[in-house]
Amino acid sequence: MITRTRLAAGACALLAALAAGMAFPAGASAGEPTGQDAPKVDLVLDVSGSMRTRDIDGGTRMAAAKQAFNEVLDATPEEVQLGIRTLGADYPGDDRKTGCKDTAQLYPVGPLDRTEAKTAVATLAPTGWTPIGPALLKAADDLDGGDGSKRIVLISDGEDTCAPLDPCEVAREIAAKGIGLTIDTLGLVPNTKMRRQLSCIAEATGGTYTSVEHTDELTDKVNQLVDRAADPVVTPVATEGADACAKAPTLKSGLYTDREEFGQQRWYRVDVEPGQELRASVSVGADRAVNPSYGVLLRAVTVHGREIVRGEAAGNGRTDVLSTGLRYPKAESDEDDAAAEAVCLQVTNSFSVASGVKTTPGLPLELTVDVVDGPGDSDDVAAFGLGRGWWLLGLLVLVGFVAGLLWGWLSRWRFAIWRTN
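No experiment lies behind these values; they were computed from the predicted model shown.

Criteria and thresholds
- Residues numbered from 1 in each chain as written.
- Predicted model: local features only at pLDDT ≥ 70, side-chain atom pairs only at ≥ 80, totals over all residues.
- Heavy atoms only, no water.
- Helix = DSSP H or I, 4+ residues; strand = E, 2+ residues; numbered from the N terminus.
- Buried < 20%, exposed > 50% of the residue type's maximum accessible area, 1.4 Å probe, protein only.
- Contact = heavy atoms within 4.5 Å.
- Phe/Tyr/Trp six-rings, centres within 6.5 Å; stacked < 30°, edge-to-face > 60°.
- Salt bridge = Lys/Arg side-chain N within 4 Å of Asp/Glu carboxyl O.
- Pairing = 2+ DSSP bridges.

Student: Describe the overall build of the chain, and please don't skip the residues or the numbers.
Tutor: Looking only at helices and strands, the chain has 10 helices and 17 strands in total. In the chain, which comprises 421 residues, the proportion classed as buried is 43%. Contacts in the chain between residues far apart in sequence, at least 24 positions, make up 76% of those at least 6 positions apart.

Student: Outline the packing of aromatic side chains, supporting the account with residue identities and numerical values.
Tutor: Tallied over the entire structure, the rule returns one aromatic pair. Ring centres of Tyr-294 and Phe-351 lie 4.4 Å apart, and the angle between their planes is 20°; this geometry places the pair in the stacked category. Of this pair, Tyr-294 sits in strand β13 (residues 294-302) while Phe-351 sits in the loop between β16 (341-349) and β17 (363-373), placing them 57 residues apart in sequence. Of the two residues, Tyr-294 and Phe-351, neither departs from the other in class, the shared state being buried.

Student: Any chance you could break down unusual backbone geometry for me, citing the residues and the numbers?
Tutor: Note that the residue after Thr-360, namely Pro-361, is joined by a cis bond; omega there is -5°. Of note, Pro-361 is situated in the loop between β16 and β17. Although it is not a glycine, Ser-293 adopts a positive phi angle of roughly 60°. Inspection of the secondary structure assignment puts Ser-293 in the loop between β12 (276-285) and β13.

Student: Outline the pattern of salt bridges, supporting the account with residue identities and numerical values.
Tutor: One pass over the structure, following the stated rule, counts 17 salt bridges. One salt bridge connects Arg-151 with Asp-184, and the closest N-O pair in it is separated by 2.4 Å. Remark: Asp-184 occurs in strand β7 (residues 181-188) and Arg-151 occurs in strand β6 (residues 150-156); sequence separation between them is 33 residues. Residue classification places Arg-151 among the buried positions, given a relative accessible area of 11%. Between Arg-172 and Asp-287 there is a salt bridge, and its shortest N-O distance comes to 3.8 Å. Of this pair, Arg-172 sits in helix α6 (residues 167-176) while Asp-287 sits in the loop between β12 and β13, and the two are 115 residues apart along the sequence.

Student: Describe the sheet that holds β12, and please don't skip the residues or the numbers.
Tutor: Pairing is mixed in the open sheet, where five strands are placed in the order β9-β10-β17-β12-β15. On the outer flanks of this sheet lie β9 (237-238) and β15 (321-329), each paired with one strand and no other. Pairing of strand β10 (residues 254-260) with β17, which is carried by seven bridges, proceeds in the antiparallel orientation. Pairing of Asp-258 across the sheet is with Leu-365, part of β17.

See the structure below:
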């Protein structure tokens, strides 16, 4: 009886696996990255004098960073091109102007020679200032070129000492270039001011901030970020919307990035053929402190100004990303040579800031445009709007029916054995 029960359970599991495999076939979807260029990572390490402090697992912050780097270099995927940049590693003096230029490429971004990189890291000794802003600008140049993923991992134990070059503003300028570069920050034994600054740097480029107080935490997090760089990504294409529909750039299906001033309108155009469906979404990031009660509006409008459809979303004052989207199916035409319709997309925001908060560069905007073949009316009626979901529903019904038959047969068999005994 136990053997038969296991056979029945195995049969049900096999049917379920077949159903899942048929319902969710593997395959590339539209808009997937091609992965032509290798992912690049630049590790930017603070080597300022404060890294001598002994408060991480009984050792200095510098010793913890070196140990973490050695383990990360061993675990770096072969396809990742990795480099190491330092800040505050060479100038021990008191001249601020000189100290704020103290950033250098310790190991160039490229195919990794683990022995050479470890040897370079071993020579580091805590020395000077903390020029985070200048180091980020140089690191962005280190990663210039190619369309693969680009990531800066900044590890620091203190805030920048080279104002007025605000590293948060530097990060916003890097994001505004539209080169798809992400900055992740890690704070060693952080204080409030440093946490705020490193968080702002990360948020400006869509990265993450993590506070670290132990060597194993530092190793694990850097490893995670380097591995993440190897994951396929779609790099947004930089574009510039216009202030009117007539001047707007025409976009194809894809992912785009732009900057939008507070309260500004940005216009884009998309050509939609008869029988196609336009799907568009927009995300606007509040990468600085904003006033409560804000919103984002995305409208699809004809060239004559008639609104077709809209999507809108509202926020409550958190520094966050606000997203909305819309769909516009264009009906089939009886004419074989029917012209495409020019649809204007208008992006409007109602963000505002208190006095003293910079309004330039504008807020980061990411626009997704997808023009696909629209579903036929007859197909929609027959499938009740489920589309391909009918395959999954039919398979689930079949699996349930077979499982019910097996369970009923087993129950009757067990009952007959019980009566016999």
